[in-house]
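# Tertiary structure, described
The primary structure of each chain is shown beneath.
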Amino acid sequence: MQPPMTFEICHALTQLTRQLLEAGEQATETHVLAKGQVYRVALSLEPVPTEELPDVIQRYR
C-alpha cells in the first residue's frame, strides 16, 4: 500500500481537477522541471461509480 499523500498534495490535485473539469477536459499531459530533472506528467480523470464509493471512503479511514 502506498503511503498517504500530504494534505498539500491532495489540495493541489483537487484544484487541478476542478480547473480541468471547468475547462471541459478530463485528461492532460505536460512536462515539469523539479529538482534538476524534467518529468513527464500525465493525468486522467475517471469518475468513480456510485457502487464503488463505500470502498473509496473506507480506503481513507
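What this report covers is the structure whose coordinates are included nearby. Given the structure is predicted, the values throughout are model-derived calculations rather than measurements.

Helix and strand counts for the protein chain stand at 2 helices and 2 strands. Beginning at the N terminus, the succession of helices and strands in the protein chain can be written as α-β-β-α. Against the globule reference of 10 Å for 61 residues, the protein chain gives a C-alpha radius of gyration of 14 Å, more extended than a compact globule. A fraction of 13% describes how many contacts in the protein chain between residues 6 or more apart in sequence connect residues 24 or more apart. For the protein chain, the accessible surface area stands at approximately 6,000 Å², while carbon and sulfur atoms represent 56% of it.

On the surface, Val48, Leu53, Val56, Ile57 and Tyr60 cluster together to form a nonpolar patch covering roughly 470 Å² of accessible area. Counting through the fold element by element, Leu53 comes out in helix α2 (residues 53-59). Judged by its relative accessible area of 37%, Leu53 is partly exposed.

A few words on the pairing of strand β2 (residues 37-44). Within a regular beta strand, the side chains point alternately toward one face of the sheet and then the other, so they alternate between its two faces. Note: strand β1 (residues 27-34) against β2, 8 bridges, orientation antiparallel. Paired with Val32 across the strands is Tyr39, a residue of β2. Hairpin remark: β1 followed by β2, antiparallel, with 2 residues in the connecting loop; positive phi at Lys35, about 55 degrees.

With that settled, the discussion passes to the environment of Gln2. For Gln2, the location among the structural elements is in the segment before α1 (7-22). Sequence separation between Gln2 and Thr28 is 26 residues; the distance between their C-alpha atoms is 23 Å.

Reading guide: rules and limits
- Residues numbered from 1 in each chain as written.
- Predicted model: local features only at pLDDT ≥ 70, side-chain atom pairs only at ≥ 80, totals over all residues.
- Heavy atoms only, no water.
- Helix = DSSP H or I, 4+ residues; strand = E, 2+ residues; numbered from the N terminus.
- Rg over C-alpha atoms; globule rule 2.2 N^0.38 Å.
- Contact = heavy atoms within 4.5 Å.
- Areas by Shrake-Rupley, 256 points an atom, 1.4 Å probe, with all protein chains shown as cover.
- Patch = residues over 30% accessible without salt bridge, like charges linked within 9 Å, V, L, I, M, F, W, Y side chains within 5 Å.
- Salt bridge = Lys/Arg side-chain N within 4 Å of Asp/Glu carboxyl O.
- Buried < 20%, exposed > 50% of the residue type's maximum accessible area, 1.4 Å probe, protein only.
- Pairing = 2+ DSSP bridges.

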